[in-house]
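# Coordinate analysis (summary)
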Amino acid sequence: MESMSTEPDTGGLLLRPKSVQLVPVIFEKDEEPPEPSRGGEKCYACIVSKKEKPELASALEEMGLEVCYSETGRKLPANVPDECRIVFVCEQFSGPDYERLVDKKFRVVGQPCVLSCRLRNKPLAPSVRPTYSCSMEGTVICFTGFKDKEMLHSVCSKAHLMGASIRKDMTSSVTHVVAHSVSGSKYKVAVGLGTPIMSEQWVNECWAHRDNIHINAHSPDMMLHKQLPFAGCHIALEGYPDDEARHMRDIATDNGGMNGELGDAGLTHLVVADTVDPSEIPVTSSRVLVVKQQWFWESIQIEACADEALYQAKESAHSRHSRQKASFNSSLHTSIDISFLEASLYSLASPGMKGLGKREARKLACSSTSTPTKGAGPPNTARYHIAAELLQTEKNFVNILSLIVKVFKEPVERPQQRGGAILSAEDSKSIFGNIPEILTVHQNIVRGLEELMAHWEESTSIGAVLLLQSDELLRVYPPFVNFFEMSKEALARCERVYPRFHAFLKVSESRSECSRQKLSELLITPVQRIPRIILLLQDLLKHTDPHHNDHSTLQQAVDSLKNVMTHINEDKRKTESQMQMFEVLRDIEDCPATVLSSHRQFLRRLDLLDISRGHSRGDPLALYIFSDSMEIARRRPSGFGMKTATKPFKHLEFLPYTYIRSIINFEDTEDVSGGFGLLVQWPEDPQEKLLVFGPENEDSSKSETVRHLAKLMADAHFSTDPDQFVVSCSADVIHSLSRSANSTTIHRALHGVRKKVKRAFSSRSRKSLASLSVHMNLQGIGEENEPPSSPDAISISMGSPNSSTSCSVPNLSYTPIHSIHRLTPVASLRTSRSKRPALGSIPSFSAVDLSHYGT
């Protein structure tokens, strides 16, 4: 029986066996895979290999085939009949043994083909062609643009061996087009049908991974090998500025094109700028296609070379623009008519209005849009003209929002286009926000105003229309305005990252409807709209009699719009604060995630120094001030030796204001000026720790910082008196700490501290104060090589004997602030004192001691 191929002829470039087969072929093309029990006939699979392959044999047995082995495929085991249904599984698809099997028209498959079929629980596909793998199974390919016949034969053979079918003509059944260049009728048909257009590298890459049964030609990684839009194009530019021409040349090179100049041999395209008069286009060869710049950018957008016949530059530019404008206006069911106010904002009005004053422009705008009453012209009153101007500006604003939605937002989200949606839903939401909702609200306002203006009376209430939409305005505007800066950043990022979106903006912004306005300029119009409405309503209010029924309504409308602005500003401030908190988390190494909180706001950052050693040359610190807490971080030095990936700050401590007992305001000295401290007591720790800071530069104001922190502490403790949290103190404490930390005779330094405490308190002996007991715990800080001494104490009695107050100042040894270890900021989970050696060495003071010390 002679095998007949049902696939179309491809010019004799494919391998075709010429001899008549001697043994029946398993799985004829038009019949189902035979079952082992059908008529008692057995089906065999011969593995052509010198080694046993248990995995391959198991896969074949699962398909109902009797497995046998043969080293060359020429000699079969004795138990295999001379005439049977048999398939040969070859390791290599080359060599004389393989060529003999193909020449005899046996069914030949590769090991990846068998394993892939078992993985998908499918039988071997019926085919008379050798099949090495199933990487391209179900793919129908049409080749175009190949002038090298050997290259075409090689690529076709590889596609066939991977299970693909090949068609000579470009039809709707073709799933992929493999193009060597972007010229030819088949290529243009594929662009029109939206068929994926691949390069020959796609087939070669699939062949390189032919042994991987998990690789498929339709996978996203393989579909990256699309043919570039300008492959084989030799492009020259005419009429562009140097910067823009350089940018376009770079894009052309990245998309497979070659750059050239007018008159170069082999030039294929001349791209002419829109500013060039068609009559001034240079004369070129008849083979050079002269196209507009829209062809260039739309080719990038659709990721394929657009049909040059649609973008001929020598066609009348005015007629084409007129057709585009008519088509767009019919889709919007309205036209863009810009008044004098929007003309000044968006430069969309005609040049003749630029020289008009406010009054003249207003009259012109009102006269062009006023709705006449029955039997008479429009009322010649200031109130009517202002209301007409409000209506006209609302219409213009609605047209601008409609332009954004119809020309920009909807096209980038449309999935039914070549290459799919230009932007993802997330990116589109980041750029356009809730523009459609804002558009809906203002369309309702326009309808209300139109109804009033059509039946105008002096008693008409304009404010009622705005009041009716006040709640919706309050709902839709703050989210857009607050995230407007993020929208601009998202727009710039997408234009930089996605070439299709960049090309889409170039094409869309060049349309006559946009009047050469960029999308970034159009998106700012909602930000400016509410203040413009307020100005018009205030003007209308001035020309409304106080006894008019609309006067109070207009005042309420103005107040409601001002309330919208207040919410916008407040929400914007909160949003910026929340975003700054993310930046804090990003800049500080090991910063706890609990810093982020919905009720917490970032206020400011203080760059300070750790001056606990008694001098101004301390370690640099950063205090991140929040509404209910502060983050203390050490600032790393910048410059030489600092790794790029290293964050600029290192987390030291997260400190809620409820842990701070007092703010110590130290007196300024020659050595230390602007110093202040925080007396801190953590939960489950009776000791109070002193953290001492100093200014990094002379511009900082200590008094302002202290007042700000005191106000935050008062809010945290639900107090109305911030001054009660501030304690004035002499800078001798800092000097004493410095001497005690450096001296080997710690008792001398402490003896000096005792004397100063006595002198300080003796000046208040006549006042009715409580008796004070100061206990200085010197354990562990004695002389060098001296065992720890027993606790020592000094008692100082002051004031009335009927009352007494005692407090302690234990452990005056000091470890700098930057040695604080990172701890959990939640009080209930805080590490115990025994496990915090660094914090345990910070100076401990009593709040009462410091409130009287050195005052």
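The following refers to the structure shown. Being a predicted model, the structure only gives us computed values, none of them experimental. (Residues numbered from 1 in each chain as written. Predicted model: local features only at pLDDT ≥ 70, side-chain atom pairs only at ≥ 80, totals over all residues. Heavy atoms only, no water.)

Take the packing of aromatic side chains next. A full pass over the atoms with the stated rule returns 16 aromatic pairs. Their ring planes at 65 degrees and their centres at 5.9 Å tell us that Phe143 and Phe146 sit as a pair that is edge-to-face. Plain terms: the ring middles of Phe480 and Phe484 are 6.1 Å apart, the flat faces sit at 45 degrees to each other, and that makes the pair tilted. Note on accessibility: Phe480 and Phe484 belong to one class, buried. The structure contains a cluster of three or more aromatic residues connected by ring pairs, namely Phe93, Tyr98, Tyr132 and Trp207. A cation over a ring is seen here: Arg210 above Tyr132, with NZ or CZ 5.8 Å from the ring centre. (Phe/Tyr/Trp six-rings, centres within 6.5 Å; stacked < 30°, edge-to-face > 60°. Buried < 20%, exposed > 50% of the residue type's maximum accessible area, 1.4 Å probe, protein only. Lys NZ or Arg CZ within 6 Å of the ring centre and 35° of its normal.)

This part covers the pairing of strand S18 (residues 660–666). Sheet faces and side chains relate simply in a regular strand, where the side chains alternate between the two faces. Most of S18 sits inside the fold, with five of its seven residues counted as buried. Of the strand pairs in this sheet, S18 and strand S19 (residues 676–680) are connected by five bridges, and their pairing is antiparallel. If you follow Ile664 over to S19, its bridge partner there is Gly677. Sheet analysis places S18 next to strand S21 (residues 726–729), joined by four bridges and oriented parallel. Each residue of the ladder has a partner; that of Asn665, found in S21, is Ser728. (Helix = DSSP H or I, 4+ residues; strand = E, 2+ residues; numbered from the N terminus. Pairing = 2+ DSSP bridges.)

Further remarks concern the packing of helix H12 (residues 382–413) against helix H20 (residues 525–542). The contact between H12 and H20 brings their axes to 10 Å, and the two run at 170 degrees. As summarised for this structure, H12 and H20 are arranged roughly antiparallel, according to the angle between their axes. Where H12 abuts H20, its residues Arg383, Ile386, Glu389, Leu390, Thr393, Glu394, Phe397, Ile400 and Leu401 lie against Thr525, Pro526, Arg529, Ile533, Leu536, Leu537, Asp539 and Leu540. A breakdown of the residues in the contact of H12 with H20 according to their chemical character gives ten nonpolar, two polar and five charged. (Axes fitted to C-alpha atoms, helices over the stretch in contact; angles between N-to-C directions. Parallel < 35°, antiparallel > 145°, perpendicular 65-115°, else oblique. Contact = heavy atoms within 4.5 Å. Nonpolar A, V, L, I, M, F, W, Y, C, P; charged D, E, K, R; others polar.)

Attention now moves to the sheet that holds strand S2 (residues 66–70). A sheet is described by the order of its strands in space; here four strands give the open sequence S2-S1-S3-S4, paired in parallel fashion. Only two strands of the sheet have a single neighbouring strand rather than two, namely S2 and strand S4 (107–110). The mean angle between the axes of side-by-side strands here comes to 30 degrees, regardless of whether they run parallel or antiparallel. Pairing of strand S1 (residues 43–48) with strand S3 (residues 85–90), which is carried by six bridges, proceeds in the parallel orientation. The partner of Cys46 across the bridge, within S3, is Phe88. Contacts from helix H1 (residues 54–62) reach S1, S2 and S3, with the element oriented near 145 degrees to S2. In the packing of helix H3 (residues 111–119) onto the sheet, the strands contacted are S3 and S4, and the crossing angle to S4 comes to about 80 degrees.

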